[in-house]
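Structural overview
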Amino acid sequence: MSGEPKIGIALGGGAARGLTHIPFIEAMDELGLKPARIAGTSIGALLGAGWAAGIEGKDLRDYAHEYLGSMRSIMGRIWNTRIKTISSVIKNSMTMQLDALEVIRSFIPEEMPEQFDDLKIPLFTVATDFNTWHQVVHHHGNIRSAVAASIAIPSIFRPVEFGGRLLVDGSVVNPLPLDIASRGTDILIGVDVNGSPSEERSSQDPSLIDVGVGSAQILMHGLISHNLAAFPPDVYVRPRIKAVGGLEFWRVKEIIESGDKDKDLFKRQLSNAVEQFISGRKKSP
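Okay, so let's go over this structure. Fair warning: this is a prediction, and the values are worked out from it, not measured in the lab. (Residues numbered from 1 in each chain as written. Predicted model: local features only at pLDDT ≥ 70, side-chain atom pairs only at ≥ 80, totals over all residues. Heavy atoms only, no water.)

1. Examining the overall build of the chain
Within the chain, the regular secondary structure consists of eleven helices and eight strands. Residue burial in the chain is summarised as follows: out of 285 residues, 51% are buried. Within the chain, counting contacts between residues at least 6 apart in sequence, those at least 24 apart form 77% of the total. Surface exposure of the chain reaches about 14200 Å², of which carbon and sulfur atoms provide 55%. (Helix = DSSP H or I, 4+ residues; strand = E, 2+ residues; numbered from the N terminus. Buried < 20%, exposed > 50% of the residue type's maximum accessible area, 1.4 Å probe, protein only. Contact = heavy atoms within 4.5 Å. Areas by Shrake-Rupley, 256 points an atom, 1.4 Å probe, with all protein chains shown as cover.)

Following this line, the structure appears as structure tokens:
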């Protein structure tokens with residue numbers, strides 16, 4: 001419709017916490033709003049790819065419950081796609097690092113197109129060039145390879161070779177890609193799923209993985225603060241997520257419900273931003 005704003009949305013990285021993106025995708029669907037561009041980092045790239053392909057938020061919620069509802073179902077998918085024989089275990093798994101592309105293939109719905117150009121909404125995914133330390137943004141080519149590169153958390157996943165580069169998780173350089181989502185848009189949305197500091201002391205000492213992911217979370221907080229100052233969003237949401245381990249995807253129900261608590265407020269804020277734009281109080285750049 002003529003006069004409607006072009007909306008750019010940045011879906012940030014946050015490992016398992018990133019499942020809280022789903023209620024806000026649902027919220028935009030329910031308001032009848034589609035972004036003009038989606039910029040996603042790490043799990044934001046994964047969920048953003050599904051959304052850009054035309055999968056609605058409510059269906060993403062159903063997929064998440066089906067694919068991630070238990071440790072058994074998660075490990076079954078990873079085991080069936082990655083570890084084919086005993087020899088492959090010996091050859092590829094001595095470091096216990098996962099192949100991000102194989103994992104992506106096992107969790108992305110079959111209806112996902114192969115190429116960016118076949119998406120219904122323009123998608124931009126962020127990865128990090130391990131050698132140059134630079135941000136790499138993908139908008140063309142193979143979606144699965146680009147998303148795999150974006151989610152390749154160092155030490156957990158092997159770096160992904162794609163486009164002549166060796167790539168790791170985009171959150172290393174840009175955990176909330178507001179700069180990419182803002183280009184050519186009228187309303188900028190940032191969904192920050194990195195989480196907040198917690199004063200709660202766990203009854204158990206953190207595992208090696210928890211320490212690594214938690215330390216990355218602290219570093220990401222500083223990068224996000226810088227991006228918020230440089231590219232202030234019109235609508236910004238940071239869901240109040242309970243203490244969740246970075247890889248505790250099997251807690252999908254309670255993680256998504258954490259986002260549900262902020263869904264109505266998000267809808268009001270976005271509706272107000274759209275109304276302000278249409279009424280002329282906000283001018284298109």
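2. Digging into the pairing of strand 1 (residues 7–11)
Summarising burial for strand 1: five of the five residues are buried, a large majority. The pairing of strand 1 with strand 7 (residues 187–191) spans five bridges and is classified as parallel. By the bridge assignment, glycine 8 is partnered in strand 7 with leucine 188. The pairing of strand 1 with strand 2 (residues 37–41) spans four bridges and is classified as parallel. Bridging from a neighbouring strand, alanine 10 pairs with alanine 39 of strand 2. You can see the chain leave strand 1, run along helix 1 (residues 21–31) and come back into strand 2, and the turn it takes is right-handed. (Pairing = 2+ DSSP bridges. Right-handed = clockwise from strand over helix to strand, strands pointing away.)

3. A look at the nonpolar core
Counting residues in hydrophobic clusters, the biggest one holds 68 residues, and the most contacted among them are Met28, Phe157, Ile189, Phe266 and Leu270. Ala39, Phe124, Leu176 and Leu188 belong to the second-largest nonpolar core, a separate cluster that totals ten residues. (Core = buried A, V, L, I, M, F, W, Y, C linked by side-chain atoms within 4.5 Å.)

4. Focus on the pattern of salt bridges
Evaluated as defined, the whole model comprises 16 salt bridges. With its nearest N and O atoms 3.1 Å apart, the salt bridge here joins lysine 34 to aspartate 29. Given the relative accessible area of 47%, lysine 34 is considered partly exposed. Between aspartate 59 and lysine 58 there is a salt bridge; the shortest N-O distance is 3.7 Å. Residue aspartate 59 is classed as partly exposed on the basis of its relative accessible area, which comes to 28%. (Salt bridge = Lys/Arg side-chain N within 4 Å of Asp/Glu carboxyl O.)

5. Description of helix 3 (residues 57–68)
With twelve residues, helix 3 extends 16 Å from end C-alpha to end C-alpha; this agrees with the ideal 16 Å at 1.5 Å per step. Along helix 3, the positions that sit buried rather than exposed are Gly57, Leu60, Arg61, Tyr63, Ala64, Tyr67 and Leu68. Projection of helix 3 onto a plane perpendicular to its axis shows the buried side chains occupying an angular sector of 165°, all on one side. (Expected span 1.5 Å × (residues − 1). Arc of directions from axis to C-beta.)

6. Some words on unusual backbone geometry
In terms of backbone geometry, most residues other than glycine have negative phi values and most peptide bonds are trans. Non-glycine residue serine 42 carries a positive phi angle of around 55°. Following the sequence through the fold, serine 42 ends up in the loop between strand 2 and helix 2 (43–52). For serine 42, a relative accessible area of 4% corresponds to the buried category. Unusually for a residue other than glycine, tryptophan 133 sits at a positive phi of about 70°. Along the polypeptide, tryptophan 133 turns up in the loop between strand 3 (123–129) and strand 4 (135–138).

Take it as geometry only, folks, not as evidence of what the structure does.
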